[in-house]
Amino acid sequence: MQDMKPDNIVGEHREQTLSFHDGTQRKVFTTETETPIPDGRLIVSRTDLKGMITHVNRSFIDMSAYQEEELIGEPHNILRHPDMPSAAFKDLWDTVQGGKKWHGYVKNLRNDGGYYWVYATVIPNVRGGKIIGYTSVRRKPSRKKVLEAEALYKTLS
Amino acid sequence: MMTYNFSVSPDFNPSHISGWYIFNTWLQRTINEDIHLELYDNFELQRKAIADDQLDLIYANPFDAALLVREKGFTPIACPSNQSDEAIIAVNNESTITTIEALNEGTRISSTDDPDVRMMCMIMLEPAGLGSHNTVLNQRDTYVLVAKDLLKGDADVGFFLEETYNDLSDFIRKDLRPLVRSQIQVIHHLLLAGPKLAHKRDEIAAVLLAMKDDSKGKGVLESLNFEQWNAVEQEETEFMIDLMDTLTAE
Ligand SMILES: Cc1cc2nc3c(=O)[nH]c(=O)nc-3n(C[C@H](O)[C@H](O)[C@H](O)COP(=O)(O)O)c2cc1C
């Protein structure tokens, strides 16, 4: 995946290199700017079996600060924030590949270097008994849950 | 001749009752079949009819659509073009609460038994750390009674289907204030055919889509406050059901 572009970053930032499960790497820039999900919105995306994005809704685009064309066909780890432990995503993949529903609190990285916390649910899309892809819906978590997740993830990453 | 049974999700707008009868009469004439319309007072009664395989055609709530498609072999036919199901959490206009996050444990909720509105509104309370374990729920039979709970101070927040909130009389609505409105866009009611009507599914879809171009059909649409019917494909409905699935409790 392409590295983040310093030109897109808003405000003072820190540079880090992410390593993904498949061994690829990405240079990311992060800022301390949080963008809360507006009340009443759901952030929706779908992926193929490999986690490549096939569909996003308007709220997804708005919150990610990417254009739709920059998201479709990209791996979903385009949103991966360095503060997220890889163990959380291993659990996500193990769960949904096993045909079950996964829930969790996720800190996502925006294209402008900022972040947003979500409570995410991911489910396998089962058609005719076969998994054909995955759908994720994210919503606004309570502050209390975010603080708990933040503390937990610090011990894991 | 066989008689088919048709029903409408019990959250229908009471002012559209006659519209549904007009629609049913029009449909019977157009496809030349006997169809009996049965309107249930509440979700429980309709669920029982679904469980007992008594229904062949349903204008269903997205929540029930999941069960109908995945477990009862129903196929989607069409949905009205101008309606997505959105929910509103409202408060008394004089309430000091201006944001969801300002709500506290013990919040008193007034709601109907409409399952998708209940679900969407409970989700919208989550940012305040509220759920069924730390709120008090009053269940009411109608949205007007929910509004009255707010007006009398018997509830702190009320759950509404947006459409019914907007249909409350000005007299009631002027003393209420929406706190938050959902913007989900992809969840909507739809018309579904059961297994016994499956052979007529394509014909019904065709006549519904053509309704807007026919003066009689147009009048029928108006009585339901629909602009037109749009085609709904199986995969689109499966997607909506997947989405509902992500929202229902673990
Ligand atoms: C439907 C679906 C939605 C996902 N949503 C996110 C997300 O919002 N943020 C994120 O960092 N990873 C998300 N993931 C997980 C990523 O695919 C990926 O596992 C993760 O970003 C870590 O990267 P890696 O597994 O390549 O190391 C999602 C996966 C699926 C199947």
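Thresholds, definitions, all that
Residues numbered from 1 in each chain as written. Chains lettered and ligands numbered in written order. Predicted model: local features only at pLDDT ≥ 70, side-chain atom pairs only at ≥ 80, totals over all residues. Heavy atoms only, no water. Helix = DSSP H or I, 4+ residues; strand = E, 2+ residues; numbered from the N terminus. Rg over C-alpha atoms; globule rule 2.2 N^0.38 Å. Buried < 20%, exposed > 50% of the residue type's maximum accessible area, 1.4 Å probe, protein only. Contact = heavy atoms within 4.5 Å. Areas by Shrake-Rupley, 256 points an atom, 1.4 Å probe, with all protein chains shown as cover. Lys, Arg positive; Asp, Glu negative; His and termini not counted. Charge placed at Lys NZ, Arg CZ, Asp CG, Glu CD. Buried area = accessible area lost by both parts, 1.4 Å probe. Polar contact = N/O pair within 3.5 Å; in protein donor to acceptor, adjacent residues only side chain to side chain. Nonpolar A, V, L, I, M, F, W, Y, C, P; charged D, E, K, R; others polar.

**Q** Which parts of the structure should I look at to understand the overall build of chain A?
**A** If you tally the helices and strands in chain A, you get 4 helices and 7 strands. In sequence order, the secondary structure elements of chain A are arranged as β-β-β-β-α-α-α-β-β-β-α. Computed over the C-alpha atoms, the radius of gyration of chain A is 15 Å, within 12% of the 15 Å expected from 2.2 N^0.38 for a compact globule of 157 residues. Here chain A holds 157 residues, and 49% of them are scored as buried. Of the contacts formed within chain A by residues at least 6 apart in sequence, a portion of 50% connects residues at least 24 apart. Of the roughly 7800 Å² of accessible surface on chain A, 50% is carried by carbon and sulfur atoms. Within chain A, one finds 23 positive and 20 negative side-chain charges whose respective centroids are separated by 8 Å.

**Q** What am I meant to see in the side chain of His81 of chain A here?
**A** Residue and element names in this part refer to chain A. For His81, the position within the fold is in the loop between α2 (68-71) and α3 (86-97). Judged by its relative accessible area of 3%, His81 falls in the buried class. Apart from the residues within four sequence positions on either side, His81 is in contact with Leu18, Thr30, Lys107, Asn108, Leu109 and Tyr115.

**Q** Sorry, what's going on with the interface of chain A and chain B here?
**A** Reports of interface size often rely on the accessible area that becomes lost once the parts have come together. Each side of the interface is counted separately: chain A has 21 residues, and chain B has 24 residues. Roughly 2000 Å² of surface becomes buried between chain A and chain B when both sides are summed, with 52% attributable to carbon and sulfur atoms. Taken together, the connections running from chain A to chain B amount to 10 residue pairs in polar contact (both at pLDDT 80 or more). Of all elements in the fold, only β3 (43-47), β6 (115-127) and β7 (130-139) of chain A reach the threshold of two or more residues within the side of chain A that touches chain B. The element best represented in the side of chain A that touches chain B is β6 of chain A, accounting for 5 residues. Class assignment for the residues of the side of chain A that touches chain B results in 6 nonpolar, 7 polar and 8 charged.

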